[in-house]
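Examination of the molecular architecture
If you want the building blocks of each chain, they are given just below.
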Amino acid sequence: MMKIFTFALAILLLGSCSTNKSVAKTDAGVYKYRAPEQKSAPHKKEMVPLVVIDAGHGGFDLGTHSNTYEEKVICLKTATYVRKHLEKAGYHVIMTRSRDEYLPLKKRAEIANHAKCQILISIHCNSAKNTSAKGIEIFYTQKTESTRAKKSKQLAQSVLSSLLAQTGADSRGIKEGNFCVIRETKMPSILIETGFLTNEEERKKLSNDFYLDTVAKAITSGVDQYFKNS
Ligand SMILES: [Zn+2]
């Protein structure tokens, strides 16, 4: 009886081994143990922050422009790089626009509010009559309840210090701004002016994809630091 039981157990074990998906054959024909895929608990999935990235302007709204550049194009490129780096870092990302289209400002805020994201980041480039004006500045609004204003300022500070460290650009500081896209949202929101297209030196940098990728990496590190501190 015992022998039959042992035999049955051995068959059972063999059967289960042959269907064990955690053992995989490599290219070299060697079987290796592969850790089973970790299925995250639903509550853990909800804890991954959702970031809305807003690329400024779009469609007929070129933003600041000349014969050789358009702000809307640089904003979209930068935003796309930010999405790539944030997703690589494990964040969920929604873009208000991912192609060259016009979106009213209120619609951008509505997208973020509807998505119930944790933060919104709007990306722009600056311009000035004075062509020597340069540097990065970040806006947040105080025309909102105090916690959102405080958190927006913290996010702005975190992103600005990361941008300055990684790009070497000049700082124009954190400023209060009453822009629709950061005022009409319900979550911490900032608007980044990544540099002046009217300044020759900064225009050259902002026309370089490698530099825009560096800017995007810096924004991602700043976002990461903000969530670690909050
Ligand atoms: Zn703009």
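The coordinates are above.
Residues numbered from 1 in each chain as written. Predicted model: local features only at pLDDT ≥ 70, side-chain atom pairs only at ≥ 80, totals over all residues. Heavy atoms only, no water.

Mapped onto the secondary structure, A216 falls in helix 8 (residues 209–229). Judged by relative accessible area, A216 falls into the buried class, the value being 0%. Sequence-distant contacts of A216, defined by excluding residues within four places in its chain, comprise T78, Y81, V82 and H85. (Helix = DSSP H or I, 4+ residues; strand = E, 2+ residues; numbered from the N terminus. Buried < 20%, exposed > 50% of the residue type's maximum accessible area, 1.4 Å probe, protein only. Contact = heavy atoms within 4.5 Å.)

This part is about the sheet that holds strand 6 (residues 136–140). Spatially, 4-3-5-8-6-7 is the arrangement adopted by the 6 strands of the open sheet, whose pairing is mixed. Whereas interior strands pair on both sides, the edge strands pair on one side only; in this sheet they are strand 4 (92–95) and strand 7 (171–176). Mean inter-strand twist for the sheet, computed between neighbouring axes without regard to direction, equals 20°. Sheet analysis places strand 5 (residues 119–126) next to strand 8 (residues 189–196), joined by 6 bridges and oriented parallel. Looking across to strand 8, one finds that N126 is bridged to F196. Where helix 4 (residues 105–115) meets the sheet, its contacts fall on strand 3 (50–55), strand 4 and strand 5, and the angle it forms with strand 3 comes to roughly 170°. Against the sheet, helix 5 (residues 146–167) makes contact with strand 5, strand 6, strand 7 and strand 8, and its axis sits at roughly 170° relative to strand 6, the strand it touches most. (Pairing = 2+ DSSP bridges. Axes fitted to C-alpha atoms, helices over the stretch in contact; angles between N-to-C directions.)

The subject of this paragraph is the nonpolar core. Formed by 40 residues in total, the largest nonpolar core has its most connected members in I53, I219 and V223. Residue assignment for this core shows that the elements contributing at least two residues are strand 3, helix 3 (71–88), strand 4, strand 5, strand 6, helix 5, strand 8 and helix 8. Among the elements that take part in this core, helix 8 stands out by supplying 9 residues, more than any other. For I219, the residues in contact, after removing those within four places along its chain, are V82, I121, I123, V159, L163 and I192. (Core = buried A, V, L, I, M, F, W, Y, C linked by side-chain atoms within 4.5 Å.)

Turning our eyes to something else, we now look at helix 4. By the burial criterion, the buried members of helix 4 are R108, A109, A112 and N113. Relative to the axis of helix 4, the buried residues are bounded by an arc of 135° and lie together on one face. Away from its buried face, by an angle of more than 90 degrees, helix 4 presents the exposed residues K106 and H114. Check the buried side of helix 4 and you find it contacts strand 3, strand 5 and helix 6 (180–183). Just past helix 4, the residue K116 takes up positive phi, approximately 55°. (Arc of directions from axis to C-beta.)

Any functional reading would require information that these geometric values do not contain.
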